[in-house]
Amino acid sequence: MNKTVKAIITVAVILAAMAIAYALGASGNALMVKEEQADMLVGMLITTQSLPESDDGRVYAECVDGEYVFKGIDGMQCFFTNKDNAIVSHMDEAFTDKSCGLHVINDDQQNVELKAKLYLGTSFDDMLFQTPVYQTVSGEVYAVAGQGADYSGEEGMGGSFSLSESTERYEDGKTVTCGTSVDIEVEVVSVPEKIIVSQFDAAGRLLSGESFAPGELPDSMKSAAAYIVVGTVSQSGTKYAVFQPDDGGISALYCRADGVCVKQSCAVIWEGN
C-alpha cells in the first residue's frame, strides 16, 4: 500500500473518530441540558415573616394529601403545580376574586396566569413578604426569600405583588417556553362590624331584613326576593352590594384574628325566579 493511500485511510479514520466524538458530545450536552433545566416559577407565598435561613436558600414544601406544607412558615399560598401536564392551583381562602388560567399561545409557547385580591383590615399591623415559589423538573416545590413591604394603613390604601418569569422545558422532543405571571392586588378596608341582609321584591319593597355578626352568615338560605342587598357596617360607614338570582348566592367580608379580611359565602335558593 502506497503512502498516499495510507494517508487517505488515516485521515478518514481521524475524521470518523472526530464525528463520533462530536455526536457523543452533542448527545451528552443535550442530556446535560435536559438534566439542568431551570426550575419554573409557579407562584408565591405571602408571609408576615422572612424565610428561615437554610444552606441553599430554599425552603422545601411537603405534599400531604395533595396540599403543600412549608415547615416553619405561616403563609398564604397562591401558586400552582404541574403534574403529568395538568395544572393544579393551590390558592388560600384569604384570597378573593382568584383565578388560575393556562393560555396556550402556540405549540411551543404557553403561559399560566394567577390573579387574586387580598383584603387587609385596618387592624392589620405587620409586614408582608412576597415569597416566590418554584417547582423543579422532578416535581419538588420550594420557596425562596422575597421582598417585604409595610401594608398597615388606612382604608383605601393598598398596592400589589407581581412576579413574571419564563423558562424553557424540553417536552416530546421539542423546546417549549413556559411563562408564569402572578398578580395579587392588596386593599386595606375598615374592619366589618355587622352584616345586614335585606331582601326586596321586584317593585323594590322590603320583604325582610336580618343582621349577622361578620363571619356568621348561614351556609344557605331560601329567598323569594327579586334581589338581596348586603350591607357591611364598619366605623367608616356602610358599604352595599346587590345580589341577584344569577349570582347564585351572597357574600360578605369578615376579619380574621390576624387582620386579614376573608370573604364568606352563603348559597341562596331563589324561589319563584
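Values in this document were obtained by computation on a predicted structure and should not be read as measured data.

Draft legend 1. Main features of the sheet that holds strand 16 (residues 227-234). Strand order in the open sheet made by the four strands is 14-13-16-17, with antiparallel pairing throughout. Only two strands of the sheet have a single neighbouring strand rather than two, namely strand 14 (206-212) and strand 17 (237-243). Going from strand to strand, the sheet's axes swing by 20° on average, the running direction of each strand aside. Pairing analysis gives seven bridges linking strand 16 to strand 17, with the strands arranged antiparallel. For I228, the partnering residue across the bridge sits in strand 17 and is F243.

Draft legend 2. Examining the pattern of salt bridges more closely. Overall, the coordinates contain eight salt bridges when judged by the stated rule. Between E93 and R256 there is a salt bridge whose closest N-O contact spans 3.5 Å. Of the two residues, E93 is situated in the loop between strand 5 (86-91) and strand 6 (95-106) and R256 in the loop between strand 18 (249-255) and strand 19 (260-270); the sequence distance between them amounts to 163 residues. For D97, the salt bridge goes to K263, with nearest N and O atoms at 3.8 Å. One end of the pair, D97, is in strand 6; the other, K263, is in strand 19, and 166 residues separate them in sequence. Residue K263 is classed as partly exposed on the basis of its relative accessible area of 35%. Taken together, the salt bridges that share partners define one network made up of E93, R256 and D258.

Draft legend 3. Main features of the nonpolar core. Membership of the largest hydrophobic core comes to 42 residues, with the highest contact counts inside it found for I46, F70, L118, L128 and I184. Looking at this core element by element, the count peaks at six residues for strand 1 (residues 40-47). If we ignore the near neighbours within four places in the chain, the residues touching L128 are I46, T47, T48, M76, L118, L120, Q147, G148, A149, Y151 and F161. Counting residues in hydrophobic clusters, the runner-up holds 14 residues, among them V197, M221, A225 and W270.

Draft legend 4. Here's a closer look at the pairing of strand 9 (residues 141-144). What you see with strand 9 is no split at all: V141 and A143 on one side and Y142 and V144 on the other are buried throughout. Where strand 2 (residues 58-64) meets strand 9, three bridges bridge the pair, whose relative direction is antiparallel. Paired with V59 across the two strands is A143, which belongs to strand 9. Pairing analysis gives three bridges linking strand 8 (residues 127-135) to strand 9, with the strands arranged antiparallel.

Draft legend 5. Spotlight on the environment of F243. Looking at where F243 falls in the secondary structure, it is placed in strand 17. Setting aside chain neighbours within four positions, we find F243 in contact with Y227, I228, V230, G249, I250, S251 and W270.

Draft legend 6. Region of interest: the environment of S265. As for its placement among the helices and strands, S265 is situated in strand 19. For the pair S265 and L253, spaced 12 residues apart in sequence, the C-alpha to C-alpha distance is 8.8 Å. With near-sequence residues (within four places) excluded, S265 lies in contact with P218, D219, I250 and S251.

Draft legend 7. Region of the structure containing unusual backbone geometry. Even without glycine at this site, D65 takes up a positive phi of about 55°. Along the chain, D65 turns up in the loop between strand 2 and strand 3 (67-70). A positive phi is found at D97, a non-glycine position, where the angle reads about 50°. Look at D97 and you get exposed, because its relative accessible area is 53%.

Draft legend 8. Up close: the side chain of T232. Relative to the assigned elements, T232 resides in strand 16. For T232, a relative accessible area of 19% translates into the label buried.

Calculation rules
- Residues numbered from 1 in each chain as written.
- Predicted model: local features only at pLDDT ≥ 70, side-chain atom pairs only at ≥ 80, totals over all residues.
- Heavy atoms only, no water.
- Pairing = 2+ DSSP bridges.
- Helix = DSSP H or I, 4+ residues; strand = E, 2+ residues; numbered from the N terminus.
- Axes fitted to C-alpha atoms, helices over the stretch in contact; angles between N-to-C directions.
- Salt bridge = Lys/Arg side-chain N within 4 Å of Asp/Glu carboxyl O.
- Buried < 20%, exposed > 50% of the residue type's maximum accessible area, 1.4 Å probe, protein only.
- Core = buried A, V, L, I, M, F, W, Y, C linked by side-chain atoms within 4.5 Å.
- Contact = heavy atoms within 4.5 Å.

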